[in-house]
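# Report on the structure
Okay, here's what each chain looks like letter by letter:
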Amino acid sequence: APYTITYFAVRGRCGALRIMLSDLGQEWKEIVVNFDEWMKGDLKKTCVFGQLPKLQDGDLVLFQSNTFLRHVGRKHGAYGKNDTEAALIDMFNDGVEDLRIKYLKMIYQEYDTGKDAYIKDLPNHLSKFEAVLEKSSSGFLVGGSISFADYSLFEVLLNHQVLSPTCLDSFPALNGFVQKMSSRPKIKAFLDSDAYKKLPINGNGKQ
Ligand SMILES: N[C@@H](CCC(=O)N[C@@H](CS(=O)(=O)O)C(=O)NCC(=O)O)C(=O)O
């Protein structure tokens, strides 16, 4: 398989990518980096931004998790049918990234003191995506078919359902979206796999 993911033993910033590759019927290799090894610095200094994850696609070496989604989307027809759709897909993925950054800040920096306030404020963010999906005739964020932004939104919603199991109860379009994505055969198979289940969502054991 042309794809190799190098990352720590977490779903983290590769959660959406793995779901997308599975749904696209793509295989990939995993190089799992032990954090103590990482702290020695040899691998770190070879990383463009000094961080993981890293995605190799043949001879191409990429960093930045959202870049992976765009690259795979471009290669496998999951980036819209024209520049207009591509721009809207970028926009929604950037919106998902904003939510992801807020989530990660709470998880890694203020879980014990900030989790309840985060969950209380969550509807203000979820409502924005609910409004988009309510208007979608295809059930996807942009246009008539699935794009990398859908995988990104789906994965971030799965993580939020672990944090707060009832968080989608007042968002029927988001709930339907998660059901629809979860029941896609290759996604269902991946979510049922040990490879998926054995990895924690985040690196600090909080979720
Ligand atoms: N913007 C980058 C962020 C990458 C990042 O924050 N990597 C962390 C690990 S994780 O937060 O993604 O799990 C890292 O390498 N940390 C180790 C270090 O910075 O030395 C992306 O989206 O890929």
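For every chain, the first residue of the written sequence is number 1, and numbering continues from 1 onward in sequence order. Since the coordinates come from a predicted model, pLDDT governs what is reported: local features require at least 70, and pairs of side-chain atoms require 80 or more to be given and counted, while whole-chain, interface and lining totals use all residues. Think of the side-chain values as coming from all heavy atoms in the structure, minus any hydrogens and water.

Attention now moves to the site of the ligand. Surrounding the ligand, one finds Tyr7, Phe8, Arg13, Trp38, Lys44, Gly50, Gln51, Leu52, Pro53, Gln64 and Ser65. Counting of polar contacts relies on pairs of N or O atoms within 3.5 Å, with two restrictions inside protein: one atom must be capable of donating a hydrogen and the other of accepting it, and residues adjacent in sequence are counted only when both atoms are side-chain atoms. One of the side-chain nitrogen or oxygen atoms of glutamine 51 is found 2.9 Å away from an oxygen atom of the ligand. Between leucine 52 and the ligand, the recorded distance is 2.6 Å, taken from a backbone N or O atom to a nitrogen atom. Exposure was quantified through the Shrake-Rupley algorithm and a 1.4 Å probe, taking into account, for residues, occlusion by the shown protein chains and nothing else. Alone, the ligand offers 540 Å² of accessible surface; in the complex the protein occludes 75% of this. Residue polarity is assigned by list, with Asp, Glu, Lys and Arg as charged and Ala, Val, Leu, Ile, Met, Phe, Trp, Tyr, Cys and Pro as nonpolar; anything else, Gly included, falls into the polar class. Classifying every residue of the shell around the ligand by side-chain character gives five nonpolar, four polar and two charged. Near, as used in this document, describes a residue that has one of its heavy atoms within 4 Å of the molecule or strand being considered.

The subject of this paragraph is helix H6 (residues 148–163). Along its 16 residues, H6 runs 23 Å from first to last C-alpha, staying within 8% of the 22 Å computed at 1.5 Å per residue. Remark: exposure states derive from per-residue accessible area (1.4 Å probe, protein chains only) relative to the maximum for the residue type, with buried under 20%, exposed over 50%, and partly exposed in between. For helices the rule is a DSSP run of H or I covering at least 4 residues; for strands it is a run of E covering at least 2, with both sets numbered from the N terminus onward. Buried residues dominate H6, accounting for 14 of its 16 residues. The span you would expect from a helix comes to 1.5 Å times its residue count less one.

Quick look at the pairing of strand E1 (residues 3–7) now. The side chains of a regular strand alternate between the sheet's two faces. A large share of E1 lies buried, amounting to five of its five residues. Pairing of E1 with strand E2 (residues 28–32), which is carried by five bridges, proceeds in the parallel orientation. The residue bridging threonine 4 from the neighbouring strand is lysine 29, located in E2. As defined by bridge partners, E1 adjoins strand E3 (residues 54–57) across four bridges and the pair is classed as antiparallel. Only when DSSP finds a minimum of two bridges between them are two strands counted as paired.

With that settled, the discussion passes to the sheet that holds E1. Strand pairing in a sheet is mediated by backbone hydrogen bonds. Such pairs are either parallel or antiparallel. Strand order across the open sheet formed by four strands is E2-E1-E3-E4, with mixed pairing between neighbours. This sheet does not close on itself; its edge strands, each paired only once, are E2 and strand E4 (60–63). Taking the axes of each pair of neighbouring strands and ignoring which way they run, one obtains an average angle of 20 degrees across the sheet. Running over the sheet, helix H1 (residues 15–23) touches E1, E2 and E3 and is turned about 160 degrees from E1. Every angle, taken between N-to-C directions, lies between 0 and 180 degrees, and every axis is a line fitted to C-alpha atoms, over only the stretch in contact when it is a helix. Note on contacts: a residue pair qualifies if any of its non-hydrogen atoms lie within 4.5 Å across the two residues.

Right, let's get into the state of the cysteines. Any cysteine sulfur atom paired with another within 2.5 Å is treated as part of a disulfide. On inspection of all chains with the given rule, the structure shows zero disulfides. Unpaired in terms of disulfides, cysteine 14 finds its nearest cysteine sulfur in cysteine 47, a separation of 12 Å.

Next up on the list: the nonpolar core. Side-chain atoms within 4.5 Å are what join buried Ala, Val, Leu, Ile, Met, Phe, Trp, Tyr and Cys residues into a set we call a nonpolar core. Counting residues in hydrophobic clusters, the biggest one holds 64 residues, and the most contacted among them are Leu126, Leu153, Phe154 and Leu174. In this structure, phenylalanine 154 is in contact with Ile19, Phe177, Val178, Met181, Ser182, Ile187 and Leu191, ignoring residues within four places of it in sequence.

The predictor attaches a confidence to each residue, and that confidence, scored 0 to 100, is pLDDT. Summing up the model confidence of the chain, the mean pLDDT is 98 and the portion of residues at 70 or higher is 100%. With pTM at 0.98, the complex prediction returns an ipTM value of 0.99.

What follows deals with the packing of helix H3 (residues 65–75) against helix H4 (residues 83–109). For the pair H3 and H4, interaxial distance at closest approach is 12 Å and the crossing angle is 150 degrees. The pairing of H3 with H4 is recorded here as roughly antiparallel in orientation. The hand of the H3/H4 crossing is right-handed. Here H3 contributes Asn66, Leu69 and Arg70 to the contact with H4, which in turn contributes Asp90, Asn93, Asp94 and Glu97. Any angle that falls under 35 degrees is termed roughly parallel, while one over 145 is termed roughly antiparallel, one within 65 to 115 roughly perpendicular, and all others oblique. Crossings are classed by handedness, with left-handed meaning an anticlockwise turn of the near helix from the far one by less than a right angle and right-handed meaning a clockwise turn.

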